[in-house]
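A look at the structure
Each chain, letter by letter, is given below.
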Amino acid sequence: MQKKYLKTTILTFIVSALIITVIGGYFYVEKYKKAPQKTTSKVIEEKQNLPKPIKLNLPDDGNQYDVIVVGAEPEGVAAARSAAKNDAKVLIIDKHNGPGGLMTYGMLNTIDMSKGPNGILLTQGTFKEFFKGIGSKNSFDVKKAKEVFSKLLNIPNITQSYNTVFEKPIMDGNKIIGITALKDGKEVNYYGKRIIDATQDADVAASAGVPYTIGAEDMGVKGKVQASTLVFRLKGLDWDNLIKIIKYEKKIPATYINDTSASGFLSITKKYKPSTPMIRLRGLNLGRQDDGTVLVNALLIYGVDGLNQSSIEKGMELAKKELPRIVQFFRENIPGFEKAQLDGTADELYIRETRHIKGYYTLDINDVVFNRDFYDRIAIGSYPVDVQATSPEDVGFVYGKPVEYAVPFRCIVPEKVENLLVVGRSASYSHLAAGSARTIPIGMAEGDAAGVASAYSIAKDKSFEDIAKSEEDIKSIQSILVSQGAYLTPFKAENSVEKSWAFDGLKFVLHWGLIVPGYNNDYKLNEKLASMSFYYMTSKMIERAIPNKVQLLSGNYQYLQKYIIDKPLTKEEAADILLTYAGFRDEISGNSGKLFKLAHEKGLISDESYNDIEKSGTVKWQDAYDMTFSLYKFLSK
């Protein structure tokens, strides 16, 4: 099995190595680098002008369900509860023997919270009820969480069916009118007026014909998904002693602990040498359980195809084989872990990414980091854009930290198929935007909205597409959500970087994942850059954004490889790269010393960038963003 994983790595090395080399080169720590530039973002809440919430009185149509929720993931629990609270007769099914999905069977027990600049919880509604039920702790007891989810579903109008496996949709043209599931070894048909897909992988949507991308495919990189994780359990840890060691004796740097959670330990775990390159031990996230055991989220597994059961099983096997070595490492290297023992693992992998469905709007990384609001907001988030490692050569990146941003209703309304909504990590997000929006609290807020929207669409006899196009309908749904505990306050963001003349270029390179601003949103606008950074930025842009021109990379490598060095980029060198990719190689030799002017005349350098470089005498990152965008527009003609 290990050989097969290594073979996979080798087969993908040609692509992945270039990607990682590019990223590594582009974000090379330059000796000319100054302290991070501050780019401020201010969010101002605005007055909420919503109509009075209406009561939805749905007709009783006998045995047919109003809403079928497929998947009792946390997002599905929210959707079912929300629909039932609004008079809908609901069926929720799940393949497990109870609710909670990733949180209870994948043991993901540390929550990625979204809070506003004033500390307010942005994901309220059902998530707030759940959070209160588990004790308002960021790390929770898994058994208690399952009990809380069960209580949330134990209300009138909800029928729960577990050990029930979704098999296929029942279609009437492009409308989904029900599902076929396997229950107790027999196929059963369930019919409903609206279907909510709350599976982790958008299984219902995909099988019904909704278009989708996988992983980073939307940004021109196929086969690239975030690593999976096997959460494991330790016994033998004295939590009070850990608090003493970490908080008071400060024996472990850059590590945080409270009564239920601990995170950090990276200065120690980075020294671990795995037995296979398909495994990595990152910093530890620890979550204390009521019985004294501790859950550990830290073990990354590469090469797992979350849509292939055989691949998932092999990933599990690989991780379990590694765990005894990891626990031994803990005992020998981490203070307080001397008596730690392996006490089991989660029943299933924590798979971070598979499909991203195509909805009527796809949330973009720029929407997230530049704090965009939408008139049809159904959820508000603020979690950092944390994209985990995708291969052994990759360490993962943070593409920015928003103050707060909205998720529009259109993101959960899929193209091509009617009567269906999709909530959770596989909703309509770009690969990079999903680094933040895939978090469970945001998905639960979407679940609340999906439940209300489903009941509303039945009561008003309107399709989700029509609702998405109607501001009046959207406001009515928002009004109901707010009256039932959702936080949907409109806001206006003031981002200082938007005042930059190079903002369009910045948004372009960020969309294609060509820069990594980090937690500080450091865009380095006025800093010098190395020639290797510009080379990689332009070459990766072509590979990702204009794949039909990818031959330009190999065809011109002999001329441009000299720029893969760590020294400040000059304006003539920048022009040489641009002119070469643009097809003006034959004009370069006869215009030595005049390339910058020539590139400007050819439209490869904008007036703004040309004047900025002439004025300062140096090429800065903001110029690189703008010139990369200009090259894209030239090659895309």
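Everything discussed here concerns the structure shown above.
Before going into details, it helps to say that this report is about the structure given with it. Remember, predicted model here, so these are calculated numbers, not experimental data.

1. Observations concerning the overall build of the protein chain
Across its full length, the protein chain holds 21 helices and 22 strands. Computed over C-alpha atoms, the radius of gyration of the protein chain comes to 26 Å, within 12% of the 26 Å expected from 2.2 N^0.38 for 637 residues, which places it in the range of a compact globule. Dimensions of the protein chain, computed from the C-alpha atoms along their principal axes, are close to 80 × 60 × 45 Å. Counting only residues that meet the buried cut, the protein chain has 60% of its 637 residues in that class. A sequence separation of at least 24 residues applies to 73% of the contacts in the protein chain between residues at least 6 apart. Of the roughly 25,700 Å² of accessible surface on the protein chain, 49% is carried by carbon and sulfur atoms. Across the protein chain, the mean location of the 82 positive side-chain charges is 4 Å away from that of the 76 negative side-chain charges.

2. Concerning empty space enclosed by the protein
Under the criterion given, the structure shown has eight cavities of 30 Å³ or more. Lining of the largest cavity is provided by 21 residues; of these, Glu75, Leu102, Leu108, Arg438 and Ile440 occupy positions nearest its centre. For the lining of the largest cavity, the class distribution of residues is ten nonpolar, five polar and six charged.

3. Quick word on unusual backbone geometry
For residues besides glycine, phi is generally negative; the peptide bonds are generally trans as well. Positive phi is not limited to glycine here, since Asp184 has a value of about 55°. Take Asp184: it is sitting in the loop between β6 (175-183) and β7 (186-197). Phi at Lys416 takes a positive value of approximately 80°, unusual for a residue other than glycine. Mapped onto the fold, Lys416 is located in the loop between β20 (405-408) and β21 (420-422).

4. Points about the packing of aromatic side chains
To describe a pair of aromatic rings, you give the distance between the ring centres and the angle between the ring planes. For the structure shown, the criterion picks out 18 aromatic pairs. Arranged with centres 6.0 Å apart and planes meeting at 80°, the rings of Phe265 and Phe337 form a pair that is edge-to-face. One end of the pair, Phe265, is in the loop between β12 (261-264) and α7 (266-269); the other, Phe337, is in the loop between α8 (309-333) and β15 (341-345), with 72 residues separating them in the sequence. Both residues of the pair, Phe265 and Phe337, belong to the buried class. Centre to centre, the rings of Trp621 and Tyr625 are 6.4 Å apart; their planes meet at 50°, and the pair counts as tilted. With Trp621 and Tyr625 both in helix α21 (residues 621-635) and four residues apart, this pair spans about one turn of that helix. Residue Trp621 shares its accessibility class with Tyr625, and that shared class is buried. Chaining the aromatic ring pairs together yields one cluster made of Phe127, Phe130, Phe131, Phe140 and Phe149. Across the ring face of Tyr212, the terminal group of Arg355 is positioned such that the distance to the ring centre comes to 5.0 Å. A cation over a ring is seen here: Lys633 above Phe629, with NZ or CZ 4.3 Å from the ring centre.

5. Comments concerning the layout of surface pockets
Its volume calculated, the largest pocket comes out at about 1,100 Å³. Together, 35 residues line the largest pocket, and Arg282, Asn285, Asp386, Gln388 and Tyr519 are the ones closest to its centre. Within the residue set of the lining of the largest pocket, elements represented by two or more residues are β12, β13 (279-288), β14 (294-301), β18 (386-387) and β19 (397-398). Per-element tally for the lining of the largest pocket: the top contributor is β13, with six residues.

6. As for the nonpolar core
The biggest cluster of nonpolar side chains holds 147 residues, and the ones touching the most others in it are Phe130, Leu363 and Phe409. Per element, the largest residue contribution to this core is eleven residues, and it comes from helix α11 (residues 440-460). When residues no more than four places from it in sequence are discounted, the contact partners of Phe409 are Asp376, Ile378, Leu421, Ala453, Phe464, Ile467, Ala468 and Ile474. Of all hydrophobic cores here, the second largest spans 44 residues; its members include Ile245, Tyr272, Leu284 and Phe337.

Conventions used here
- Numbering of residues begins from 1 in every chain and follows the order in which that chain's sequence is written.
- Reporting of local features is limited, given that this is a predicted model, to residues whose pLDDT is at least 70; pairs of side-chain atoms are given and counted only at 80 or more, and all residues count toward the totals for whole chains, interfaces and linings.
- Only hydrogens and water are set aside when side-chain values are computed; all heavy atoms of the structure are taken into account.
- Only DSSP runs of H or I with at least four residues qualify as helices, and only runs of E with at least two residues qualify as strands; both kinds are numbered from the N terminus onward.
- The atom set for the radius of gyration is the C-alpha atoms, and the globule formula is 2.2 Å times the number of residues raised to the power 0.38.
- Type-normalised accessible area, obtained with a 1.4 Å probe on protein chains alone, sets the label of each residue: buried when under 20%, exposed when over 50%, and partly exposed for intermediate values.
- Should any heavy atoms of two residues lie within 4.5 Å, those residues are counted as being in contact.
- Areas reported as accessible are Shrake-Rupley estimates using a 1.4 Å probe. Residue values count occlusion only from the protein chains shown.
- The charged-residue count follows a simple rule in which Lys and Arg add positive charge and Asp and Glu add negative charge, with His and chain termini not counted at all.
- Taken as the charge location is NZ of Lys, CZ of Arg, CG of Asp or CD of Glu.
- Here a cavity denotes grid points, spaced 1 Å and computed from the protein atoms alone, that fit a 1.4 Å probe unable to get out, and a pocket denotes an open set having protein on both sides within 12 Å along at least 5 of 7 lines; residues with an atom within 4 Å of a point are the lining.
- Grid points are joined across faces, edges and corners, and a volume is the space filled by probe spheres set on the points.
- Classification used: nonpolar for Ala, Val, Leu, Ile, Met, Phe, Trp, Tyr, Cys and Pro, charged for Asp, Glu, Lys and Arg, polar for all others including Gly.
- Stacked, edge-to-face and tilted are the three classes for Phe, Tyr and Trp ring pairs, Trp counted by its six-membered ring, which pair at centre distances within 6.5 Å; planes under 30 degrees apart are stacked, over 60 edge-to-face, the rest tilted.
- In our convention, an over-ring charge means Lys NZ or Arg CZ found within 6 Å of a ring centre and within 35 degrees of that ring's normal.
- Here, nonpolar core refers to any group of buried Ala, Val, Leu, Ile, Met, Phe, Trp, Tyr and Cys residues whose side-chain atoms link them within 4.5 Å.

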